[in-house]
Amino acid sequence: MCCLLKGIIGKSRAFNEFMKKDITTRRCLSILVVTLLMSACATQKSRQDQSKIGKIYHDVTAKYNGWFNANEIVQESILQLESQHQDNYNEILPLYRYRAATNPQAVAANLDEAIKKVSVVATLHENSQWTDDCYLLIGQSFYLKQDFESAQNALEFFMDEFNPDGTRINKKARRKNPNARKTQSKASVDSARKKSAVAKAQERERKQYNKQVRKDKKQSSRKGDENSATTQRKTARDAPAITLEAQQAQKAAELEKKGGDENPGALKHTPAHQEASLWLARTYVERENYPGAERLLNGLRSNPDLQEEVKKELPIVAAYYALKRKNYAGAIPHLESAVELADKKSEKARLAFIMAQIAELEKNYELASQYYERVLDNNPDYVLAFNARLNMARTKLEAGGHSVQDVATMLEKMLKDEKNADYKDQIYFTLAQLALKEPNVSKAIANLQLAAEHGDNNSTQLTETNFLLAQLYFDTGDYVNAKSAYDATLVTMSKTDARYRQVDRMSRNLTDIARYLTDITMQDSLLAISMMSEQDRMDLAKKLHKEAASAAQSSAQNSNLPQGGAGKGNPGGSKPGMPPSGSPPPSRPTAGISATPSTFFAYQQKELKRGQREFENNWGDRRLSDNWRVSALASSSGTFDDPVEEEISAVDVITKDDISKIFRDVPDSEEKKVVSHEIIQNAMLQLGSLYRDKLEDYNQSIEILEKLLSTYPDTKFALDAYYQLYLSYISINNHAKAEYYKNRIITEYGSSKYALVLTDPDYLSKQLSEEQRLDRNYQEVYKLVEKGEYEEAKSRIDEARQTFGTAHPLQAKYSILEAMCIGNLEGKEAYVEALKGVIGGYPGTPEETKARDMLLLLGEYQGSRLNLSTASGPDYKVALDAQHFVLVQITGTKDADAQDVKVSISNYNRKYHSLDKLKISSLRFDTQGNDVIVLVRSFKDGAAAVKYFEGTKKNPDEFVPAGTNFEVFPVTQHNYREIVSQKSIESYRPFFKEHYKE
């Protein structure tokens, strides 16, 4: 700027002529120009010391150079996060869709770039009035990355650095008076109140003065001009004077209300203090610092001069705070205020829908119905309107305004409406909920099955459908279908869902139950077929053959459908993209789609379904085949044979090979029938145990076990069945039946382990003491090995084998100690053979892993003895607050591939963790193998390392090249040294799963 001004002045001819004429004027003007240039270009100590030109320069550069670009990045990131989220209308919709995004890592790189931009601005233009906005944007960026600790630090720094009017806090004064900030803040609020009071008093005085003037004018019109003039002079003399102080206070109040900025137009600035308070309150909510959040929200509510945008956002944040604390009733009044203050109809509609959902949750169905109607009053998009109508029908039923039949009739009409073709899954789901109110469980299950058939384009609704279906199957004892429904739920349910663990546990618990139930059904069917007559078996074979042919034909027809559309015959087809906005009614959006969707009609599910309906209306339900019109006309005139007739006759033909394939598993001999019956008996016994242990369904356990004993009175599983029945009857407090089965065990199987347990109260304690003796002996042998007394240790191992046998649970541990003794007593070759014996004898045990690791360390000797320091196992320690590394194990790579992996990880770190300044290095434990360990360091604690670990799971294709097999392990420095000393990561895996993975 200085050079530009000098150039303009130097190039101006008029200025040069003027300077030549008057040397005195020339000298004075030169001094003036130099003074102006120095005041504009010099670095200022404070904003008050800046010149007008310097002030404008810093403000314009800060706003339009750094802050504007960074803010654009933040807004784009918000939109990208919102596109990840798909609303689930069966749950309370999130107030902030970008907060509900499951992969904030996707925008981390962009937000880091925004942080860098505003950090530069805040440094170079420290005294700009846009500096507070820059610091606020840093806090917002960390919040959007869901790094709430960093967001809190940034926003607390903001509150510690800036006054409510956007100016910097005087640090020197604060050091002298530690309570200066609180005093200053209180003084600012008091000043605002005083200014408001002054303004109100001035307004009252002005009105009173004007009223008196009007009164005097009326009197002067009656008394004449002379008296009128006298009265006016007297009134003017008696009018209250507005002091200079009052005028300045009024001006300051007006400026503060407008944002505290004297600059008009493009440079108009609003202090960010109030907005920062809101964001800090939200961050406190995320960090569960509820007192801090409440203090900030109360402070904003008590402020008489809230900015308009903050006034609109405040009730939403207050509602968010209440919902986080599960205070649903407390959120309703805040949402009422938010609906009233919202400007856009779309925002009003969404907030009204959320409030209606909360009112419904609180069983205030009348209020819920009113707000669902209010959603429709604001002309929302079709999806929100559809769900509002659906929920309104349900709430009016609950409120007594409609009967079940009325609502069912209304829903059936919605099913027939073409506009709702893509939303049939939700309608059937609601019909299922109505059926449960009758109650009619079978009808509810039928509707849920229909909902699942139509739910291939809405994963959130499909999750709710399968979850409710699984529960109903489970409650009715249909465990096979319950297992399938739970498995289907897991496919679409997010792992962050609070019900995920329950569903996963139920699925695992039902795995064996469903398998044994299937075994019983299958073997019963096969035995029944074996008892059929030849004619009945032939009829059954024809029926099964025809069903299989029809299924194959249906599958072939469905394979001709376009792969972009998944209809009834193609439930596994790929989902269509999101249609252009504004198309009524829109296809259901798919979460996570960020690319522009195709407009080609064959990729639009709604258009395909509409075309299918039009085809069926015109031509009927015709089979897909080449030239079907010609074939149909020819067959009607008798020129060509009807292909359909040919097909039917072909289906009816069945050969002996077909029959043998259909009945290949049917037992055709007594020996095979005995095997089938034993499979059934074993399955019944296992189900009795599983019902009791896994499901705690004691009545079901009793039923299946007693059926086993009645159907197969001579079963070889009788003893186990008696004992299971004894335990189940005790669990339901039926001591008479429990005593009955106890007596049968003692009478019929007196020498069994179960009989000993039931007759000898000390039997279990004796067994426990034997286990204790075994463990004590092992500890003594272990200490002998540590001391190097290998001969004594080996002798004790031989004695233990004679005393305790070889079937005890510590045999693998004894074997690896014996291998160490052999190695030190007989040499390397014998040691290797002993270790191989451990590996072959105890596969899948920790001892097998240790034996493999020892084979890698056989070259490390101390004199004539093996170094046992590593053989004793790694000493892993839990220290989640300590500094952490991340180990990335890459398997099956060559040197060139390993280099590509390192480059990919480096690029990933640069994109998603550019502010963390991470470094990477690599090492190999086995130089002959293809496994590489990449070390990423350093992280401040375990939480940061786990966050990195979770980010790699969400973005695997960006972390390493596609198809690379990798595992990620957070690890402390101490544990990293232990892994290196072991030269294997395998022993760390159980420790990692226990302390880092849920």
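Residues numbered from 1 in each chain as written. Predicted model: local features only at pLDDT ≥ 70, side-chain atom pairs only at ≥ 80, totals over all residues. Heavy atoms only, no water.

Digging into the packing of aromatic side chains
Applying the stated criterion to the full structure yields 37 aromatic pairs. Geometrically, the ring pair formed by tyrosine 740 and tyrosine 741 is edge-to-face, given 4.9 Å between the ring centres and 75° between the ring planes. Owing to a relative accessible area of 40%, tyrosine 740 belongs among the partly exposed residues under this scheme. When the ring of tyrosine 908 is compared with that of phenylalanine 959, the centres are 5.1 Å apart and the planes differ by 85°; the resulting orientation is edge-to-face. Taken together, the positions of tyrosine 908 in helix 40 (residues 895-912) and phenylalanine 959 in helix 42 (residues 956-959) put the pair 51 residues apart, joining distant regions of the chain. (Phe/Tyr/Trp six-rings, centres within 6.5 Å; stacked < 30°, edge-to-face > 60°. Buried < 20%, exposed > 50% of the residue type's maximum accessible area, 1.4 Å probe, protein only. Helix = DSSP H or I, 4+ residues; strand = E, 2+ residues; numbered from the N terminus.)

Some words on the environment of lysine 716
Counting through the fold element by element, lysine 716 comes out in the loop between helix 31 (698-711) and helix 32 (718-731). Considered as a pair, lysine 716 and asparagine 682 are 34 residues apart in the sequence and their alpha carbons are 9.4 Å apart. Dropping the residues within four chain positions of it, lysine 716 is found in contact with Glu678 and Gln681. (Contact = heavy atoms within 4.5 Å.)

Considering the side chain of asparagine 466
Here asparagine 466 lies in helix 22 (residues 459-475). A relative accessible area of 7% means that asparagine 466 is categorised as buried. Apart from the residues within four sequence positions on either side, asparagine 466 is in contact with Ala452, Ala485, Ala488 and Thr489.

Focus on the packing of helix 17 (residues 365-377) against helix 18 (residues 382-399)
One way to put it is that helix 17 packs onto helix 18 with a least axis distance of 9 Å and a crossing angle of 155°. In terms of axis orientation, helix 17 runs roughly antiparallel to helix 18. The way helix 17 lies across helix 18 gives a crossing that is left-handed. The residues of helix 18 that touch helix 17, namely those facing Tyr365, Glu366, Ala368, Ser369, Tyr372, Glu373, Val375 and Leu376, are Leu384, Ala385, Ala388, Arg389, Asn391, Met392, Thr395, Lys396, Glu398 and Ala399. Residues that form the contact of helix 17 with helix 18 fall into these classes: ten nonpolar, three polar and five charged. (Axes fitted to C-alpha atoms, helices over the stretch in contact; angles between N-to-C directions. Parallel < 35°, antiparallel > 145°, perpendicular 65-115°, else oblique. Left-handed = near helix turned anticlockwise from the far one by under 90°. Nonpolar A, V, L, I, M, F, W, Y, C, P; charged D, E, K, R; others polar.)

With respect to the packing of helix 15 (residues 328-341) against helix 17
When two helices pack together, their arrangement is given by the angle between the helix axes and by the axis-to-axis distance. Axis separation between helix 15 and helix 17 bottoms out at 13 Å; the angle between their running directions is 20°. Comparing the axis directions of helix 15 and helix 17 gives the class roughly parallel. Once helix 15 is placed against helix 17, the crossing between them reads as left-handed. Contacts from Ile332, Glu336, Val339 and Glu340 of helix 15 reach helix 17 at Leu367, Tyr371 and Arg374. Of the residues in the contact of helix 15 with helix 17, the class split is four nonpolar, no polar and three charged.

Notes on the confidence of the model for the chain
Scored by pLDDT, the chain comes out at a mean of 76, with 71% of its residues at no less than 70. Note that pLDDT drops below 50 for residues 255-266; the model gives that stretch 22 contacts with residues more than four away or on any other chain. (pLDDT = per-residue confidence, 0-100.)

Quick word on the pattern of salt bridges
The full count for this structure, using the stated rule, is 30 salt bridges. Between glutamate 161 and arginine 168 there is a salt bridge, with its nearest N and O atoms 2.6 Å apart. Assessed through its relative accessible area of 8%, glutamate 161 is described here as buried. One salt bridge connects lysine 312 with aspartate 343, and the closest N-O pair in it is separated by 2.2 Å. Note that lysine 312 is positioned in helix 14 (residues 308-324) and aspartate 343 in the loop between helix 15 and helix 16 (345-361), a separation of 31 residues in sequence. Judged by its relative accessible area of 54%, aspartate 343 falls in the exposed class. (Salt bridge = Lys/Arg side-chain N within 4 Å of Asp/Glu carboxyl O.)

Concerning the sheet that holds strand 6 (residues 965-972)
Across the sheet, which stays open at both edges, the four strands sit in the order 4-5-3-6 with antiparallel pairing between neighbours. Across the chains shown, the open sheet's two edge strands, defined by having one partner strand only, are strand 4 (919-923) and strand 6. Averaged over all neighbouring strand pairs, the angle between strand axes comes to 25°, with direction disregarded. For strand 3 (residues 884-891) and strand 6, the ladder comprises eight bridges, and the chain directions are antiparallel. If you follow glutamine 889 over to strand 6, its bridge partner there is glutamate 967. In this fold helix 43 (residues 973-982) packs onto strand 3, strand 4, strand 5 (932-939) and strand 6, with an angle of close to 125° to the strand it touches most, strand 6. Contacting strand 3 and strand 6, helix 44 (residues 988-995) crosses the sheet at an angle of about 70° to strand 6. (Pairing = 2+ DSSP bridges.)

Some points on helix 43
In an α-helix there are 3.6 residues to a turn, and that puts residues three or four apart on one side. Among all positions of helix 43, only Asn975, Tyr976, Glu978, Ile979 and Gln982 are buried. Viewed end-on, helix 43 has its buried residues packed into an arc of 160°, placing them on one side of the element. At the C-terminal side of helix 43, lysine 983 shows a positive phi close to 55°. (Arc of directions from axis to C-beta.)

Topic: a nonpolar patch on the surface
Taken together, the side chains of Ile56, Val60, Tyr64 and Phe68 present a nonpolar region at the surface, about 340 Å² in accessible area. Relative to the elements of secondary structure, tyrosine 64 occurs in helix 4 (residues 52-84). (Patch = residues over 30% accessible without salt bridge, like charges linked within 9 Å, V, L, I, M, F, W, Y side chains within 5 Å. Areas by Shrake-Rupley, 256 points an atom, 1.4 Å probe, with all protein chains shown as cover.)

Quick notes on the side chain of aspartate 132
With respect to the helices and strands, aspartate 132 occurs in helix 6 (residues 131-144). An unpaired buried charge is present at aspartate 132: no salt bridge exists, and arginine 168, the closest side chain of opposite charge, is 8.6 Å distant. Reaching out from aspartate 132, the side chain makes a polar contact with the backbone nitrogen of alanine 272 at a distance of 3.1 Å. Among all residues touching aspartate 132, those that are not within four sequence positions of it are Phe158, Phe162, Gly166, His269, Pro271 and Ala272. (Lys, Arg positive; Asp, Glu negative; His and termini not counted. Polar contact = N/O pair within 3.5 Å; in protein donor to acceptor, adjacent residues only side chain to side chain.)

Observations regarding unusual backbone geometry
Note that the residue after glutamate 438, namely proline 439, is joined by a cis bond; omega there is -10°. Take proline 439: it is sitting in the loop between helix 20 (424-437) and helix 21 (441-453). Residue serine 938 is reached from arginine 937 by a cis peptide bond, and omega for that bond is 0°. Relative to the helices and strands, serine 938 resides in strand 5. A positive phi angle is found at lysine 363, which is not glycine, with a value near 65°. Along the polypeptide, lysine 363 turns up in the loop between helix 16 and helix 17. Its identity is not glycine, yet glutamate 696 carries a phi of approximately 55°, on the positive side. Locating glutamate 696 in the fold gives a position in the loop between helix 30 (670-693) and helix 31.

Topic: the environment of threonine 463
Positionally, threonine 463 belongs in helix 22. Sequence separation of threonine 463 and alanine 485 is 22 residues, and the distance between their C-alpha atoms is 9.7 Å. Residues contacting threonine 463, with those up to four places away along its chain left out, are Thr489, Thr492 and Met493.

Comments concerning helix 12 (residues 273-286)
Its 14 residues place the ends of helix 12 20 Å apart at the C-alpha level, agreeing with the 20 Å of an ideal helix rising 1.5 Å per residue. Most of helix 12 sits out of view: 13 of its 14 residues are buried. Just past helix 12, the residue glutamate 288 takes up positive phi, approximately 60°. (Expected span 1.5 Å × (residues − 1).)

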